[in-house]
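Below, each chain spelled out in residue letters.
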There are 4 protein chains.
Amino acid sequence: MENKISVGILGATGSVGQKFIELLTNHPWFEITELGASDRSAGKKYSEATNWNMSTPLDERIGSLIVKKCNPNFESKIIFSGMDASVAGEIEENFAKEGYFVISNARNHRFDKDVPLIIPEANHDHLPLIKKQNWKGAIITNPNCSTIGLVLALKPLADSFGLEKVNVVTMQAISGGGYPGIPSMDMLDNVVPFIGGEEAKMESEPLKILGDYHDNEIINAKIKLSAQCNRVHVLDGHLECVQVSLKTKTTLEEVKSAFSNFTSLPQELNLPSAPKNPILYFEEDQYPQPRIHRNLGNGMSVSVGRLREDSLFDFKFVVLSHNTIRGAAGGTILIAELLKAQNYLDGIL
Amino acid sequence: MENKISVGILGATGSVGQKFIELLTNHPWFEITELGASDRSAGKKYSEATNWNMSTPLDERIGSLIVKKCNPNFESKIIFSGMDASVAGEIEENFAKEGYFVISNARNHRFDKDVPLIIPEANHDHLPLIKKQNWKGAIITNPNCSTIGLVLALKPLADSFGLEKVNVVTMQAISGGGYPGIPSMDMLDNVVPFIGGEEAKMESEPLKILGDYHDNEIINAKIKLSAQCNRVHVLDGHLECVQVSLKTKTTLEEVKSAFSNFTSLPQELNLPSAPKNPILYFEEDQYPQPRIHRNLGNGMSVSVGRLREDSLFDFKFVVLSHNTIRGAAGGTILIAELLKAQNYLDGIL
Amino acid sequence: MENKISVGILGATGSVGQKFIELLTNHPWFEITELGASDRSAGKKYSEATNWNMSTPLDERIGSLIVKKCNPNFESKIIFSGMDASVAGEIEENFAKEGYFVISNARNHRFDKDVPLIIPEANHDHLPLIKKQNWKGAIITNPNCSTIGLVLALKPLADSFGLEKVNVVTMQAISGGGYPGIPSMDMLDNVVPFIGGEEAKMESEPLKILGDYHDNEIINAKIKLSAQCNRVHVLDGHLECVQVSLKTKTTLEEVKSAFSNFTSLPQELNLPSAPKNPILYFEEDQYPQPRIHRNLGNGMSVSVGRLREDSLFDFKFVVLSHNTIRGAAGGTILIAELLKAQNYLDGIL
Amino acid sequence: MENKISVGILGATGSVGQKFIELLTNHPWFEITELGASDRSAGKKYSEATNWNMSTPLDERIGSLIVKKCNPNFESKIIFSGMDASVAGEIEENFAKEGYFVISNARNHRFDKDVPLIIPEANHDHLPLIKKQNWKGAIITNPNCSTIGLVLALKPLADSFGLEKVNVVTMQAISGGGYPGIPSMDMLDNVVPFIGGEEAKMESEPLKILGDYHDNEIINAKIKLSAQCNRVHVLDGHLECVQVSLKTKTTLEEVKSAFSNFTSLPQELNLPSAPKNPILYFEEDQYPQPRIHRNLGNGMSVSVGRLREDSLFDFKFVVLSHNTIRGAAGGTILIAELLKAQNYLDGIL
């Protein structure tokens, strides 16, 4: 314990905050020592301030921590932010100004010119962008949940063949809407073909993530992207039907190899949350499926299947990723591990 | 009653057969007088031979009919076929040879050169094709459930602007798999991104339906089509995310008008099962939804919404149709009504 | 239309209010002419003030009504109240004082000594109690949704054999929690074994309803009652496992007859919303089921099945009733029809 | 590995068999070396013979085992049986005759006079009954899934206060019906108030388990029991509403203590599958819930909550247990661990 790095969590009582706590509870490198939430929760024991609804029990030590206000007076220098976008923007900036490393799941700073938008396996080379930030600390952001699964699956194709066009239709899990989120009367025996703001995120974030880092700047990728987003009656796990046109024409077997053999820096560095296989490729017609495959690689692997040639694009396939692990808290933790492994945190610890 | 036309139903104990019975129970023109099913059911009272699971109670008179074998010795000359494809092909042909008009929901004869594949609002002009059949009777087929919703929505666009490319991703209801169909353990908290044979049907049937009838022949439409089919946890109602490229460039408002103003021969003829509006257009972002809108127009209207411009195609939108009513039994009954109204049945009654 | 009785609805934008509107839209006797809701909604067109989520479309005329505040200045003298209990108590009283007949689905006045708590088939003889009210108008209440199904099934047993003990465990639908109600994350793949306040209602309301009206007073029935309430993942339809000990020992066949032959004043009067059979008895082991049977009798029949002898009580059986129709709006409308048919409304119309 | 005890699994391709494999994959004492299934599967690699639908991936070594017929020529002397009751009876007996220890989840031998029906925490003292069996080996049985949760919760009450009457209404998960089991069309938006044979099992098995072992015989407990069983739309986890009358009158606090402090021989022996707490008691009104609590204690703890006094019995409360872990494969494995720890297996290894 004594050697672990203290970390704080902002927005600790919400869905993402709870997931951060669940995933960090026995983390080999990080130790949760401070929890921040709204003024309403501040001052209470965490176990009393939150309506814990993870399926593993709340750790007793963490449950007994007293919730703080989200002011930049935390002792831990590493801050995970699971705050709602309505408040995250300013608070995260306050922390960064005061020297904290804020790794955020909120959307507010994702498109700031000097803030990297990171999927460790896809664009770890964008991290140096933080040097451009003129805060004592830094903000690093995690993309939207539906973006992450998509971009992880696209990355090996972008690397090997180049991407020209991407078309995606999602079937997203209800946990993506947070808690309480979507009423049960809206989801039972139903699909909701709309998720506010989601399509815009999916059509813009991948361009930054798959962009080139050059001269301390991100040059967006030139890909034509279209997204349609649906909410389906699944607890966790976003399923996406993807079609791609590639720059270099290739065979189905080569695409399959690109998926199966994909590995990246987090695997090389053996980061604690890095799955052995960022992409798991399935041959079975009916796979991947949310309930069966979302937890593979502890929820950090992306499952790909049903690869076939397409008459309008080059290929079509199905992508599944766990939206609250790889797509939110787990992805953010992996960024923190990468920062640590690459010595970005040396100065502040 | 005395003036109603007697009809028989083949495959009466299955899902589609039950739906035929439910929809025909108080039909103004047709009267169910004979029910055919497998040898195992033949000889029993229908109420005992079937495991009725419609949500309206089984009509007593119909429940007391004695189930017959599927041999072409029925008294009714109009036969609805809800048989499984494993047996439908030959049996339907036997009936047609003996002078029956078989209106079928089975896939077996859909691509026979002389068998029309009909959606009354879309290609009623293909009906004369039956004259080419060299049976005493005739076979007319109803398309696959996921095809019907798609093509109804495409029809006004094809008419007004011409179709070049169509991309569709479906989220299909479990009732499409029949009964018992998909195990509950496969659907709870899940999506299955595969439906055997479905994509091939969706990529071929629309070309015949939207084709031109010319010189007693159907010339397939020249549209590039791609389909991806998923099973979601919804009882009834197939939702489809559609993208189209049109031959004539147009505005979103004109597309909207094309949807809203669409009407066709069944409406003009005021057929009993024809919905007032074959297409209902929704402005609300979150509509249409299966549970809320599937029963509109007694399950015969197709709901369209979320129309917007697309970066890869010209437009994208969402289509919803009731798969067991418009997409199966109801659609087939509408064909029968059209045949009657257009005097095709005069000779045999 | 000119001969219909004008009615107003309080709480018109909520779940119960919407159901009132759906059920009254083509009512043969009543015509909705005024809608009341919170100050926030008042002044808006109803179609804009509400988030309509019934599965039949909102009637255009009603959608265009301007929502009023819930002040007792309505022109209609018959008022249906679907208000939330947090505000219903005082507002309903205000209307009653000003001469309105308020038929309420809210719980606030259910146990007032001079307010009848009515299930028309069970205790229509309690209606004269309103004469005791010293308002110009009157308040009549409808019981809780889970109570109604139970008491309808108990009534013939109480009449024929007398009730000593009743034990009930419910599996209640999510629509009972109103909209937005229970989050989907709480219901998917889950049961919640608790519904706030529900068990207390089920253990007290039946005693008043099954009580004797005597000397202008209700003498509660002497029945020992225990209730356990659970929320299950069903849209509509409360299922209840009931055990009873009877005063007069009897046979299973006689109990079955009591269920099957039950009929009451609303059937005799042929009230528009009265189902032909208040109780439908099922012999099939696996019936009744919410999805299949909840709509029988237009949602006004209660389904009973699985009757068998019990080792701890005399008999056990299963009861199903539609919680938002028979258990709320439909039950309330039936009370209004009864009031009309029995001439209670003569003075105020 | 070399020190582990080889075990075989009969019925390896079914639901229970798969769960045995999942739970035994990294077991500290046992090593799966042989898999038996129907003649249709025999001779194939397990991974090809089965339709694996556990949510953890199939172990590669086990997937490559060649499936055997269920003949008593296995090398492992410890046999877990997950066979269907239609074949289990005779095959298990064949193995027992040939000297195998068969620990079975099938119902066939549960009521044999000389076969113990074991829940390790409840009646480990019944194990010596096997000495009465005149086979070279032995058969030990695991109770029905819904029985196990109930009896574990009843055991501390039986010990401390004595049981007079028990009333139980269950809400059981779909996995209890095996795979494919219940069609999704029967479960979506529904409850099925009937499970064939289940009520009889729940009304008889507890009497044997809670009976006294005396003079090499089980004297059934004298408890009046009534059970009503329902299938609800939950993947795993049976929830049960229980009412009890006790022999010794006591307080709610004492009942609570009895639950909270319950521990037994498996905990004392520190068996690998024994949960630290066989019973977890919850104070929160809305707990326990299947999705949240079924996996506690690795699916081996039973969760109890909502304890309150009852007007018809003494107390009522809610019990939750994982039906395929504690209620099937996990419970059976715990029996095997107990047999090992108590040296029953010494002779045959």
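Just so we're clear, the structure is a prediction, and the values are computed from it rather than from any experiment.

Accessible area lost when the parts come together is the quantity often used to give the size of an interface. With 16 residues of chain D at the contact, the number on the chain B side is 16 residues. Carbon and sulfur atoms supply 68% of the area buried between chain D and chain B, which totals about 1400 Å² over both sides. Per-residue buried area on chain D facing chain B is highest for S184(D), M185(D) and L188(D); these three make up 43% of the total on that side. The interface formed by chain D and chain B contains zero salt bridges. At the boundary of chain D with chain B, the tally comes to four residue pairs in polar contact (both at pLDDT 80 or more). A class-by-class count of the residues in the side of chain D that touches chain B yields 10 nonpolar, five polar and one charged.

Turning our eyes to something else, we now look at the packing of helix α6 (residues 145-161) of chain C against helix α9 (residues 252-261) of chain C. Residue and element names in this part refer to chain C. Contact pair α6 / α9: the axes reach a minimum separation of 9 Å and the direction vectors enclose 120 degrees. One way to sum up the angle between α6 and α9 is to call them oblique. Considering how the two elements wind past one another, α6 and α9 form a crossing that is right-handed. Seen from α6, the contacting residues are A153, P156, L157, S160 and F161; seen from α9, they are E254, V255, A258 and F259. Here the residues of the contact of α6 with α9 are counted per class, giving seven nonpolar, one polar and one charged.

At the junction of the two partners, chain A supplies 48 residues and chain B supplies 48 residues. Buried surface at the junction of chain A and chain B, both sides included, amounts to about 3700 Å², of which 52% is carbon and sulfur. In this structure, the connection of chain A to chain B is made through eight salt bridges. With a shortest N-O distance of 3.1 Å, E203(B) and K316(A) are connected by a salt bridge. The interface formed by chain A and chain B contains 32 residue pairs in polar contact (both at pLDDT 80 or more). Listing elements by their share of the side of chain A that touches chain B, those giving two or more residues are β7 (163-172), α8 (198-209), β10 (224-231), β11 (238-246), α11 (290-293), β13 (302-309) and β14 (315-321) of chain A. The dominant element in the side of chain A that touches chain B, judged by the number of residues it contributes, is β10(A), at seven residues. Class assignment of the residues belonging to the side of chain A that touches chain B gives a composition of 25 nonpolar, 10 polar and 13 charged.

Rules used throughout
Residues numbered from 1 in each chain as written. Chains lettered and ligands numbered in written order. Predicted model: local features only at pLDDT ≥ 70, side-chain atom pairs only at ≥ 80, totals over all residues. Heavy atoms only, no water. Contact = heavy atoms within 4.5 Å. Buried area = accessible area lost by both parts, 1.4 Å probe. Salt bridge = Lys/Arg side-chain N within 4 Å of Asp/Glu carboxyl O. Polar contact = N/O pair within 3.5 Å; in protein donor to acceptor, adjacent residues only side chain to side chain. Nonpolar A, V, L, I, M, F, W, Y, C, P; charged D, E, K, R; others polar. Axes fitted to C-alpha atoms, helices over the stretch in contact; angles between N-to-C directions. Helix = DSSP H or I, 4+ residues; strand = E, 2+ residues; numbered from the N terminus. Parallel < 35°, antiparallel > 145°, perpendicular 65-115°, else oblique. Left-handed = near helix turned anticlockwise from the far one by under 90°.

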